[in-house]
Every structure is written in C-alpha cells, then in structure tokens.
Amino acid sequence: MKRKINALSRATKKMVSILLAIVFTIAMTTGCSNSTTNDNASAPSEAKTPATPQNINCSSIVNSEPSETRVTEDSSSTDESKDISSSSESEEPVDSDDSSSSGTTPADGLYTYTVYGDIEIRMGINIDDYIVINDKGEPFVRIFQMAADNGWRGNDIYSDPSDTSTDALSSYYFTHYDGDIETKLTLMDYSEYIGDTYTRQLSLMNVEFFNTNTGEYYYGETNDNPAHMDLLLFVSKHYEACKYRNVGGTGWKLSEDDLIIVAYLLWYGSTNPGKNAFDAAQSFEKGHNRSISNYLLEYDLP
C-alpha cells in the first residue's frame, strides 16, 4: 500500500510538474508575444520622435552635422554661381541700341565697350567697379578711386584709393609719372543755369605730356606725330543723357559714354605713358571733327 501511494505520489508530482511546465511555457509565450508587439509598435514612434534626451543629443549631433555642412556648402555654391552668373551678365554686351556696352573679359583681361553707337574701345577697367548707388537710388561714380587704382595722383597730391577726403574726391586733374614722363589729365565742366536749375556737366578732357626734368612739353611744341601729341576732347552739352554724378564736392555729371572715355584715358595713360590714347583707337578716325593744331590732336565729341 505504501508502495502504491509512493507510486501515485510520484505520478501526481510528475503530472503537476508537466502541468506547471505547460503553464509556464504558455505564460512565457504570451509574454514574449506581447513584448514583440510592443517593440514593433513603438519603433516607428521612436524613429520619428526620440524617446530620451540622450537620443536627441546623440542622433542630432551625429546625423545632422554632415547634413548641415552639405546644406551650407550647397548654399554657398549656389550663391557663388549666382554671383558669377550676375557678373557675367553685367559684362555681356547689351543691346546694340544702347550707347555703350561692356563685354565679357577675354583672356587678355580687357573689357570691350562701344561708345557713340559704333566706336569700340578695349581697356582693363570695368566701370561697374566704380559705380555706387546712394540711399535715394541715385548712381554716382568714384573717378578719384578709378584714377588712384591705376597709378594717378589726384591734383598731383592724392594717391590713396581709400581716401575719402573732400579735396581728394574733388580732384579736377590727375597726374601719372613714368620715368621722366609726366602725363596730366584735366577734367572741366559746364556750369550754368537752365531755368532755375544750376547744372554741371563734363565739358572737356585734356591730356598733356610734360618732361619732369624741365617742366616743358615732353615732345616739344613742333611735334607732328599724332601718337605723341597732346589730346584735347570737347564734349557737347547733353544734360538729358547724364546718368552719373561724380563723387565729391564738385559733383559734376556725365553720361555713360563720357565715363567710358574718362576710364579709357586713365587706363591707357597708365599702361602706355607718353602715347596718345585716341590715336591708338583707330576707330576714332571715323570723324567726330578730328583736327590737328600744332602739337594738339583735337576732337569734338557728341
């Protein structure tokens, strides 16, 4: 009897163990299933919104830096390309109806302009570099800076391109020195009332060559070579065409064609000292009332 009870007890224990094992297995299976479901459900939520500050710090720093860097590079690259594009557009020739134009800089670094409809001038100055707009939207030109940048001295004194003194900005003549050759460019203006308005406009450009040792005309007063003659340019009155006002106390105005001619005289005088700029520009042979008087080469400009 005792053996039967022991056997039953062992059988009962075995059955209980089996039942416990089954219950434990079911419980474990159910728990794992719930855990997996919860993980899967929470994963997208965590991907969209990090669950902890630690995740925000780490993921944002690690993942966003390259992205921000790329955005910055792309942005600067875009801005630079826009700058290059706009620069190129400003240098492209404008419609032929305009009185002047500037072309894309070729390999030799010279800009091409057209004045008075059909006369081509090439020089190393981009006039746009010296045009500024005030807070009222009015265009001004810094002729003094243009001259200083090309080695000229305002009123034979001022040569610092960043000089903003009234005397420097109001220079009415400029000098350039190369060895014993002094080149002097004088600019004069019309000053008159038109009705009740006092108006000033560029009227004359005069280029002279002097010997720095003697103070005399470099080529003498009997020189008959146009390439070495002094230059005298008379500018007609064209107040309605004046687009720019010269920065400085004098504040006279000039047209775009006038500005291109002034720039050309400054550039040519610094790169070819002692030579007549208009004689070199053969297209001016077409007319504009060219005349020779003693050692002077003269033109009447529109």
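Computed from a prediction, not measured in an experiment: that's the story for all the values here.

A. Main features of the packing of aromatic side chains. Per the stated rule, a full pass over the model turns up 10 aromatic pairs. Here the aromatic rings of Tyr 264 and Tyr 268 are separated by 5.8 Å at their centres, their planes lie at 45°, and the arrangement is tilted. One end of the pair is Tyr 264 and the other is Tyr 268, both in helix α5 (residues 256-271) and 4 residues apart, which spans about a single turn. For the pair shown, Tyr 264 and Tyr 268 are each scored as buried. Ring pairs connect the aromatic residues Phe 209, Tyr 218 and Tyr 219, which therefore count as one cluster. Above the ring of Tyr 173, the side-chain terminus of Lys 184 is found at 4.5 Å from the ring centroid. For Lys 237, the ring lying beneath its charged end belongs to Tyr 190, and the centroid distance is 5.3 Å.

B. The pattern of salt bridges, seen in detail. Throughout the structure, instances matching the rule amount to 4 salt bridges. Note that Asp 189 is salt-bridged to Arg 200, the shortest N-O span being 3.0 Å. Separated by 11 residues along the polypeptide, Asp 189 in strand β7 (residues 181-194) and Arg 200 in strand β8 (residues 197-211) bring together distant segments of the chain. Accessibility expressed as a relative area gives 22% for Asp 189, which makes it partly exposed.

C. Just the nonpolar core, in detail. Met 205, Ile 261, Leu 265, Phe 278 and Phe 284 are the most contacted members of the largest nonpolar core, which totals 55 residues. Per element, the largest residue contribution to this core is 10 residues, and it comes from α5. Sequence-distant contacts of Phe 284, defined by excluding residues within four places in its chain, comprise Val 115, Tyr 116, Ile 119, Ile 121, Ile 261, Phe 278, Tyr 299 and Leu 301.

Parameters at a glance
- Residues numbered from 1 in each chain as written.
- Predicted model: local features only at pLDDT ≥ 70, side-chain atom pairs only at ≥ 80, totals over all residues.
- Heavy atoms only, no water.
- Phe/Tyr/Trp six-rings, centres within 6.5 Å; stacked < 30°, edge-to-face > 60°.
- Helix = DSSP H or I, 4+ residues; strand = E, 2+ residues; numbered from the N terminus.
- Buried < 20%, exposed > 50% of the residue type's maximum accessible area, 1.4 Å probe, protein only.
- Lys NZ or Arg CZ within 6 Å of the ring centre and 35° of its normal.
- Salt bridge = Lys/Arg side-chain N within 4 Å of Asp/Glu carboxyl O.
- Core = buried A, V, L, I, M, F, W, Y, C linked by side-chain atoms within 4.5 Å.
- Contact = heavy atoms within 4.5 Å.

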